[in-house]
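# Tertiary structure, described
Chain residues, written in single-letter form:
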Amino acid sequence: MAADKIIMHIDMDSFFASVEIRDNTDLKDKPVVVCSKTFHLHKDTARGVISAASYPARKFGLHSAMPLAEAKRLCPDVVCLPMNKTLYKQVSDNIIKIIQNHVKTVQQVSIDEAYVLFKDTVKTFDEAAECAREIKKEIEAVERITCSVGIAPNKSVAKIASGFQKPNGLTVVHPEEVADFLSPLPVTKIPGVGKKTSETFDMMRIQTIGDLAKADKRQIYEKLGRQGMAFQEIANGIDVSQVMETADVKSISRFYSFNPYTNDSSAVALGVESVSEEVHMILMQKRMFFKTITVGIRYADFTTLTKSKSHTVHTSDIFFLKRHAKDMIEELMANNETNKKIRQINIGVSNLKKTDVNQMQLTDFF
Ligand SMILES: [Mg+2]
């Protein structure tokens, strides 16, 4: 029998705020927020959005993505600091190096978050927890900030586990505990379930992850499509996505096979729709933006046509992806004079870029 996979998710605790507080001990125990864009300390002219809130600030209800004006209203004594991206990036790089020293594979997913695969010598969850403790200790000793860690048999559960006991947490979920761990948690704890999706779940009377796990599959698909199905899989403790070394991700592509082969444009459009959603979901999981779209058609006789188009700005907009992919596939199909049938279409994105610090809080999917 193959050994269970052991995956760790590491998430720095209110990262930007922690770095600021570490460098200015006067701020310790004060409600501190780090803000994007310009800001003014006068209540009436407060501008900008919170990027990170210290734990004392969170006690007032402040959180990332909250407009500063609202934060000032809830907590008039809040200390607002501007972003110091260069510093945060430097600290982040140092932390990643520390982690890399202890493990086999590190997939950094944002400036303060990474998935990790352990070295082959780590064979049990207890050994993994021991390794996590060493990493936490070293980060705290060298960078003087804390992180929270989740260890689980797959990425989604590891991510949920790292958020389970914040700050400075270490949560281990053994394979046989996954169902009991997930089931009472609110469905919004699933990475990627945002406001809109949770409203849909609400209407379906799905409140906990356990509710979602048991929900009617067909109904989920009707309301939320393939993404809903993916959420349900996660609710059932299933997530086969791999931890990939960050530098490896240069492009993302998926194909769709027609059975039977077809040249019906509406069938092809449905295929484009579905495969675009799949590509988009991976982009979201990896927190990446793309600039280039590549599409391909493979005909029944295996002749293959491809087309590639680069756009001027990076985006992660699913409607943009769908629309352009559809147009490009249609352009390829227009050359099909002999009316051959299509066996497969392919849609890919490349020229990828990690979501940067500013965009991260606005599209905080995970
Ligand atoms: Mg964090």
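Residue numbers here run from 1 along each chain, matching the order of that chain's written sequence. For a predicted model such as this one, the threshold for reporting local features is a pLDDT of at least 70, and the threshold for listing and counting side-chain atom pairs is 80 or more; totals across whole chains, interfaces and linings nevertheless cover every residue. Each side-chain value is worked out from all heavy atoms of the structure, with water and hydrogens disregarded.

Moving on to the overall build of the protein chain. In DSSP terms, a helix is any run of H or I states spanning at least four residues, a strand is any run of E spanning at least two, and both are numbered starting from the N terminus. Helix and strand counts for the protein chain come out as 13 helices and 13 strands. With the principal axes as the frame, the protein chain shows a C-alpha extent of 75 × 55 × 45 Å. Excluding contacts between residues fewer than 6 apart, the proportion of contacts in the protein chain whose partners are at least 24 apart in sequence is 66%. With residues, only the protein chains shown are counted as cover, and all accessible areas are computed by Shrake-Rupley using a 1.4 Å probe. As presented, the protein chain carries roughly 18,700 Å² of accessible surface, and 51% of it is formed by carbon and sulfur atoms. By definition in these notes, contact holds between two residues if any of their heavy atoms fall within 4.5 Å.

All right, on to the coordination of the magnesium ion then. Ligating atoms shown are N, O and S within 2.8 Å of the metal, or 3.2 Å for Na, K and Ca, and water is not included, meaning a site may look less than complete. Protein coordination of the magnesium ion is provided by Asp11 (OD), Met12 (O) and Asp112 (OD), with donor distances spanning 2.2 to 2.5 Å. Site description for the magnesium ion: donor spacing in sequence, D-M-x99-D. Of this pair, Met12 sits in strand β1 (residues 7-12) while Asp112 sits in the loop between β5 (105-110) and β6 (113-117), and the two are 100 residues apart along the sequence. Each member of the pair, Met12 as well as Asp112, carries the same accessibility label: buried. With a 1.4 Å probe rolled over the protein chains alone, any residue whose accessible area is under 20% of its type maximum counts as buried; one over 50% counts as exposed, and the rest are partly exposed.

Moving on, we come to the pairing of strand β11 (residues 304-315). Pairing between strands is defined by DSSP: at least two bridges between them are needed. Of the strand pairs in this sheet, strand β10 (residues 288-299) and β11 are connected by eight bridges, and their pairing is antiparallel. Counterpart to Ile293 in the pairing with β11 is Lys309. Hairpin connection between β10 and β11: a loop of four residues separates the two successive antiparallel strands, and Phe302 in this loop has a positive phi of roughly 75 degrees.

Any two of the Phe, Tyr and Trp rings considered here, Trp counted by its six-membered ring, make a pair once their centres fall within 6.5 Å; the pair's planes then place it as stacked at under 30 degrees, edge-to-face at over 60, or tilted in between. For the structure shown, the criterion picks out six aromatic pairs. Arranged with centres 5.7 Å apart and planes meeting at 55 degrees, the rings of Phe15 and Phe16 form a pair that is tilted. With a relative accessible area of 3%, Phe15 lands in the buried category. Residue classification places Phe16 among the buried residues on the basis of a relative accessible area of 4%. Each member of the aromatic cluster is reached from another via a ring pair, and the members are Phe15, Phe16 and Tyr88. Between the NZ or CZ atom of Arg58 and the centre of the ring of Tyr55, over which it lies, the distance is 4.3 Å. Above the plane of the ring of Phe302 lies Arg343, whose end atom (NZ or CZ) is 3.8 Å from the centre. By the criterion adopted, a ring carries a charge over it if an Arg CZ or a Lys NZ lies within 6 Å of its centre and within 35 degrees of its normal.

With an omega of -5 degrees, the peptide bond between Lys166 and Pro167 qualifies as cis. Within the fold, Pro167 resides in the loop between α6 (155-162) and β8 (170-172). Between Asn259 and the following residue, Pro260, the backbone shows a cis peptide bond with an omega angle of 5 degrees. At Ala65, a position not held by glycine, the phi torsion is positive, near 80 degrees.

Turning to helix α10 (residues 217-235), a few remarks are in order. Each residue after the first adds 1.5 Å to the expected span of a helix. End to end, α10 covers just 12 Å across 19 residues, shorter than the expected 27 Å (1.5 Å per residue, more than 12% under). Two axes enter the definition of the bend at a residue: one is fitted to the seven residues ending there, the other to the seven starting there, and the bend is the angle between them. Of all the bends in α10, the greatest, near 130 degrees, is centred on Leu224. Turning to α10, its buried residues are Ile220, Gly225, Gly228, Phe231, Gln232, Ile234 and Ala235. Just downstream of α10, Gly237 is the residue with a positive phi angle, here 80 degrees.

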